[in-house]
Amino acid sequence: MNRSSSDSGRPVFPGNIAVLGGGTWATALAKLLLVNCESIGWYIHRDDRIADFIAAGRNPAYLTDVEFDVDRIRFSSDINAVCSEADTIVLVTPSPYFKAETDKITVDISGKNIVSAVKGIVPGDNELITDYMHRRFRVGTDRSLVVGGPCHAEEVAMVRPSYLTIACRDIDRAAVFAQSISGKNIHAITSTDVDGIEYAAVLKNIYAIASGIVDGLKMGDNFLAMLMSNAIREMAAFVNTVVPGARDICDSVYLGDLLVTAYSRFSRNHYFGSMIGRGYSVKAARMEMEQTAEGYYATECIHQINRRHGVMMPIMNSVYDILYRKAGPAGAVARMAEYFD
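Residues numbered from 1 in each chain as written. Predicted model: local features only at pLDDT ≥ 70, side-chain atom pairs only at ≥ 80, totals over all residues. Heavy atoms only, no water.

**Some words on empty space enclosed by the protein**
The gaps of empty space that remain are located by a probe, the size of a water molecule, rolled over the atoms. This structure, assessed with the given rule, holds two cavities of 30 Å³ or more. Lining the largest cavity are Ser116, Val118, Lys119, Gly120, Ile129, Val146, Val147, Gly148, Ile197, Glu198 and Ala201. For the lining of the largest cavity, the elements supplying multiple residues, two or more each, are strand S8 (144-148) and helix H8 (194-216). In terms of residue class, the lining of the largest cavity is made up of six nonpolar, three polar and two charged. In this model, the second largest cavity occupies a volume close to 40 Å³. With three residues, helix H5 (residues 129-137) is the single largest residue contributor to the lining of the second largest cavity. Its residues placed into classes, the lining of the second largest cavity shows no nonpolar, four polar and three charged. (1 Å grid on protein atoms, 1.4 Å probe; cavity = no way out; pocket = protein on both sides within 12 Å on 5 of 7 lines; lining within 4 Å. Points joined across faces, edges and corners; volume = space filled by probe spheres on them. Helix = DSSP H or I, 4+ residues; strand = E, 2+ residues; numbered from the N terminus. Nonpolar A, V, L, I, M, F, W, Y, C, P; charged D, E, K, R; others polar.)

Structure representation (structure tokens):
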């Protein structure tokens, strides 16, 4: 169990924390947690990956330059064993595989803190991660937390200045987890806007695909700036309709996360969109990707959800037409631009 202090002088926090997922973002968050926690549990579904991780002292598949003290990690490919001993479970499984992975959980996790760092939506169910965990595993809303950005995993792992937002309806619980991932150059603030932040994290991946398409079409920085200014308004219109409440859409967790995902060289969604803009078919672009472009799945989910709400979303609709209706990127972007102001 993690203790309130340690002989090494590292600040640590009470309770066992477990990470579920073995990808880039999971690796970055695990590195942050180990700054403040004596040890963590870590579920990675492949035993060979765990063996290679322990032997090398680093993740053999993702962020391979980041070193770990593996003696402080309790690895397991048994998701129930990891969940059973944890007080706080950090979910970092890409949304397309989220249900398949969490369906393996048979132990009671309803009384645990559940932190979603998925930044996606449950395909098919079209539910936010926190809503799905509440319905499927009876996790209380006051125990559901969300990690928001702007926070590219690569820069977080390199301990470059990064700003995270931890959201929970119980603000004190958010503050405790914020402490557990704060450290040198890593700043964590708190919020109670759980649903708004989750939806914004889903939408920014769609808009990052749009920015990539525009980049691939070589439409220039002026047009890209216009795209982003309209994207943040579209995000605000959708989020404020679906989750009414007081929020400043210019806060870093909304606007900042949108901008970094739309512009950064680390953005998988931007790269996916740029391939389509350069002439790749959607199928070919997906096959080329080594990691998941969450925005591909998010686009269909948000399109379905917006059928109930009727928010005007020309950018999302254009991305949907390109990805799912085989619309030509140039024509779809031109139609989208007719709504810009």
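**What about the pairing of strand S10 (residues 186-191)?**
Pairing analysis gives six bridges linking strand S9 (residues 162-168) to S10, with the strands arranged parallel. Counterpart to alanine 167 in the pairing with S10 is serine 191. What joins S9 to S10 is helix H7 (residues 171-181), and the crossover it makes is right-handed. (Pairing = 2+ DSSP bridges. Right-handed = clockwise from strand over helix to strand, strands pointing away.)

**Remarks on the packing of H5 against H8**
Packing of H5 against H8 leaves a shortest axis separation of 9 Å and a crossing angle of 120°. The angle between H5 and H8 places the two elements in the oblique class. Of the residues in H8, those touching H5 at Ile129, Thr130 and Asp131 are Val194, Asp195 and Glu198. For the contact of H5 with H8, a count of residues per class yields two nonpolar, one polar and three charged. (Axes fitted to C-alpha atoms, helices over the stretch in contact; angles between N-to-C directions. Parallel < 35°, antiparallel > 145°, perpendicular 65-115°, else oblique. Contact = heavy atoms within 4.5 Å.)

**Quick look at the nonpolar core**
Tyr199, Leu203, Leu227, Met235, Phe238, Phe272 and Ile302 are the most contacted members of the largest nonpolar core, which totals 58 residues. At the level of secondary structure, the elements contributing two or more residues to this core comprise H8, helix H9 (221-242), helix H10 (252-263), helix H11 (268-277), helix H12 (282-288), helix H13 (294-309), helix H14 (314-324) and helix H15 (329-337). Here the element with the most residues in this core is H8; it accounts for 12 residues. Once residues within four sequence positions are removed from consideration, leucine 203 is found in contact with Met235, Phe238, Val239, Ile302 and Met313. Membership of the second largest hydrophobic core comes to 40 residues, among which are Ala30, Val92, Leu164 and Ala178. (Core = buried A, V, L, I, M, F, W, Y, C linked by side-chain atoms within 4.5 Å. Buried < 20%, exposed > 50% of the residue type's maximum accessible area, 1.4 Å probe, protein only.)

**Side note on the side chain of histidine 303**
Note that histidine 303 resides in helix H13. Here histidine 303 falls in the buried class, since its relative accessible area comes to 11%. Excluding anything up to four places from it in sequence, histidine 303 contacts Met316, Asn317, Tyr320 and Arg325.

**Quick look at the packing of aromatic side chains**
Enumeration according to the criterion identifies 12 aromatic pairs in this entry. Arranged with centres 5.8 Å apart and planes meeting at 70°, the rings of phenylalanine 98 and tyrosine 132 form a pair that is edge-to-face. Placement of phenylalanine 98 in helix H4 (residues 95-102) and of tyrosine 132 in helix H5 is noted, with a sequence separation of 34 residues between them. Across the pair, exposure class does not vary: phenylalanine 98 and tyrosine 132 are buried alike. Measuring from ring centre to ring centre gives 5.7 Å for phenylalanine 223 and phenylalanine 340, while their planes differ by 35°; the resulting arrangement is tilted. You can see phenylalanine 223 sitting in helix H9 and its partner phenylalanine 340 sitting in the segment after H15, a full 117 residues away along the chain. We note lysine 31 situated over the ring of phenylalanine 68; from NZ or CZ to the ring centre the distance is 5.2 Å. (Phe/Tyr/Trp six-rings, centres within 6.5 Å; stacked < 30°, edge-to-face > 60°. Lys NZ or Arg CZ within 6 Å of the ring centre and 35° of its normal.)

**Considerations on the sheet that holds strand S4 (residues 88-91)**
The eight strands lie next to each other as S3-S2-S1-S4-S5-S8-S9-S10, forming an open sheet whose pairing is mixed. The strands lining the two open edges of the sheet, one partner per strand, are strand S3 (73-76) and S10. Between one strand axis and the next, the sheet turns through 20° on average, direction left out of account. Pairing between S4 and strand S5 (residues 113-116): four bridges, direction parallel. Each bridged residue has a counterpart across the sheet, and for threonine 88 the counterpart in S5 is asparagine 113.

**Brief notes about the side chain of glutamate 154**
Among the secondary structure elements, glutamate 154 is positioned in helix H6 (residues 153-157). Despite its burial, glutamate 154 pairs with no opposite charge, the nearest such side chain being arginine 268 at 4.8 Å. The contact partners of glutamate 154, leaving out residues within four places of it in the chain, are Thr24, Leu63 and Phe266. (Lys, Arg positive; Asp, Glu negative; His and termini not counted. Salt bridge = Lys/Arg side-chain N within 4 Å of Asp/Glu carboxyl O.)

**A short note on the packing of H8 against H10**
Contact geometry of H8 with H10 gives a least axis separation of 8 Å together with a crossing angle of 25°. In terms of orientation, H8 lies roughly parallel with respect to H10. Here H8 and H10 pass one another in a crossing that is right-handed. Contacts between H8 and H10 involve Gly196, Ile197, Ala200, Lys204, Asn205, Tyr207, Ala208 and Ser211 from the first element and Val253, Tyr254, Asp257, Leu258, Thr261 and Ala262 from the second. Looking at side-chain class alone, the contact of H8 with H10 contains eight nonpolar, four polar and two charged residues. (Left-handed = near helix turned anticlockwise from the far one by under 90°.)

**Examining the pattern of salt bridges**
Counted under the stated rule, the structure contains 16 salt bridges. Salt-bridge contacts for arginine 135 lead to aspartate 125; the nearest nitrogen and oxygen are separated by 3.1 Å. Of this pair, arginine 135 sits in helix H5 while aspartate 125 sits in the loop between strand S6 (121-122) and strand S7 (127-128), and the two are 10 residues apart along the sequence. A relative accessible area of 46% places arginine 135 in the partly exposed class. Look at aspartate 125 and you get partly exposed, because its relative accessible area is 27%. The residue arginine 233 makes a salt bridge to aspartate 341 at a minimum N-O spacing of 2.8 Å.

The values reported here are purely geometric and, on their own, carry no functional implication.
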